[in-house]
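Now for the letters of each chain:
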2 protein chains.
Amino acid sequence: MKPFTFFLVGVATMAGLVTLVAAPRGHADGEPAAPYVTEIPQGYRDWRWISSAHEAGNLNSLGAVLGNDVAFKAFRDGKLPYPDGSIIAALHYRNVPSDENNMVFGQAQSFVPGAPTNIQFMVKDSKKYAATGGWGFAHFADGKPGDATFMKSCFPCHEKTKATDLVFTHYAP
Amino acid sequence: MKPFTFFLVGVATMAGLVTLVAAPRGHADGEPAAPYVTEIPQGYRDWRWISSAHEAGNLNSLGAVLGNDVAFKAFRDGKLPYPDGSIIAALHYRNVPSDENNMVFGQAQSFVPGAPTNIQFMVKDSKKYAATGGWGFAHFADGKPGDATFMKSCFPCHEKTKATDLVFTHYAP
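Remember, it's a predicted structure, so these values are computed and weren't measured experimentally.

Caption draft 1: Quick look at the relation of the copies chain A and chain B. Mapping chain A onto chain B calls for a rotation angle of 180° and an axial translation of 0.0 Å; the resulting RMSD is 0.0 Å. What we have between these two chains is a two-fold relation. Taken together, the interface assignments show that 100% of the residues at the interface of chain A recur at the interface of chain B, consistent with an identical surface on both copies.

Caption draft 2: The arrangement of the nonpolar core in detail. In this structure, Trp49, Leu91 and Phe121 of chain A together with Trp49, Leu91 and Phe121 of chain B are the most contacted members of the largest nonpolar core, which totals 34 residues. Contributing elements (two or more residues each) for this core: β4 (61-67), β5 (87-97), β6 (110-124) and β7 (135-141) of chain A together with β4 (61-67), β5 (87-97), β6 (110-124) and β7 (135-141) of chain B.

Caption draft 3: Structural detail: the pairing of β7 of chain B. Residues and elements named next belong to chain B. The buried fraction of β7 amounts to 6 of the 7 residues, a majority that puts the element mostly inside the structure. Pairing analysis gives 6 bridges linking β6 to β7, with the strands arranged antiparallel. Its bridge partner being in β7, Met122 is matched across the sheet by Phe137. One ladder, built from 2 bridges, connects β7 with strand β8 (residues 144-145); its direction is antiparallel. Directly across from Phe140, in β8, lies its bridge partner Pro145. Here β7 folds back onto β8 in antiparallel fashion, the turn holding 2 residues, of which Asp142 has a positive phi close to 55°.

Caption draft 4: Representation of the side chain of Asn118 of chain B. Residues and elements named next belong to chain B. Within the secondary structure layout, Asn118 lies in strand β6. Within polar-contact distance, the side chain of Asn118 engages the side chain of His92 at 2.7 Å. Every residue in contact with Asn118, bar those within four places of it in the chain, is listed here: Ala90, Leu91, His92, His139, Phe140 and Ala141.

Caption draft 5: Main features of helix α1 (residues 69-77) of chain A. All names here are of chain A. Buried within α1 we find Ala71, Phe72, Ala74 and Phe75. Relative to the axis of α1, the buried residues are bounded by an arc of 165° and lie together on one face. Looking at the packing, one finds that the buried side of α1 touches β3 (48-55), β4 and β5. Of the residues one or two after α1, Gly78 is the one with positive phi, at around 65°.

Definitions and limits used
- Residues numbered from 1 in each chain as written.
- Chains lettered and ligands numbered in written order.
- Predicted model: local features only at pLDDT ≥ 70, side-chain atom pairs only at ≥ 80, totals over all residues.
- Heavy atoms only, no water.
- Least-squares fit on C-alpha atoms with pLDDT ≥ 70 in both.
- Contact = heavy atoms within 4.5 Å.
- Core = buried A, V, L, I, M, F, W, Y, C linked by side-chain atoms within 4.5 Å.
- Buried < 20%, exposed > 50% of the residue type's maximum accessible area, 1.4 Å probe, protein only.
- Helix = DSSP H or I, 4+ residues; strand = E, 2+ residues; numbered from the N terminus.
- Pairing = 2+ DSSP bridges.
- Polar contact = N/O pair within 3.5 Å; in protein donor to acceptor, adjacent residues only side chain to side chain.
- Arc of directions from axis to C-beta.

See the structure below:
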């Protein structure tokens, strides 16, 4: 699999090491910004399934969490913290009733993924994303990354799940 | 991947071809029974994700549908009917609130897979399962296959989705 790339914002060369850093769009106040991921990791739709989730209320979402091989193995084996190279994808869709299924069941009981709403990623790189617990966060709606203000909300929320290395999702056996 | 096996009930040899048929347990009225699958296909937990589903009401289920490589490709490419060798797995769990997530969200909105309830499979073999639309059905709770009476209910229900080759689930993009 071709490694995914970042929008190249700054290049630091030190002892022959080139570090690519993605910075929030519109960031211009001179402070070092927490980096986040601005390109969709390739091949994520083929990753293995970690779990499903349904968010009721305003989100009204139904989706799945997938993991690349590194993340999947860590989930399955209960390995914490997640090793560098782990990428977790959360695929979100509108939670919609399935008329087709309900007709067969004879009652309104079946809910399925409707239109995609967004895709979110967590990319583990303990050096690159040291400022946000080792995780680079990503959010894409219609293929476009979330803006800097939106992205700032990821880490403070995920930080509340320190016991599971900032990851909410548990592996479904 | 080692091909999964069936409980060997009858062996017919014709022109050198050995056919393994799984028959419902307890079947003893002499009529040829519709075969169903009585062993869990190996490696299914590593298959790729087709979609998620939430069944409300009495089922109160949250889960995922996974496909082996043959089935996954057919789903993704919208190929109908599903080719022989397709296996579809439906992993079902209790739909339970996530106290952990809800504490972070500050409201009761998050539902996740709880205890596993059952795993169901559809195995495409247009010859072996000709009597049930080319699909062998399977249901396992606590690792044990459903009994003959229960298994008889699979085909009549799935037969109502002829337009999609007896498959309810649609691929989530």
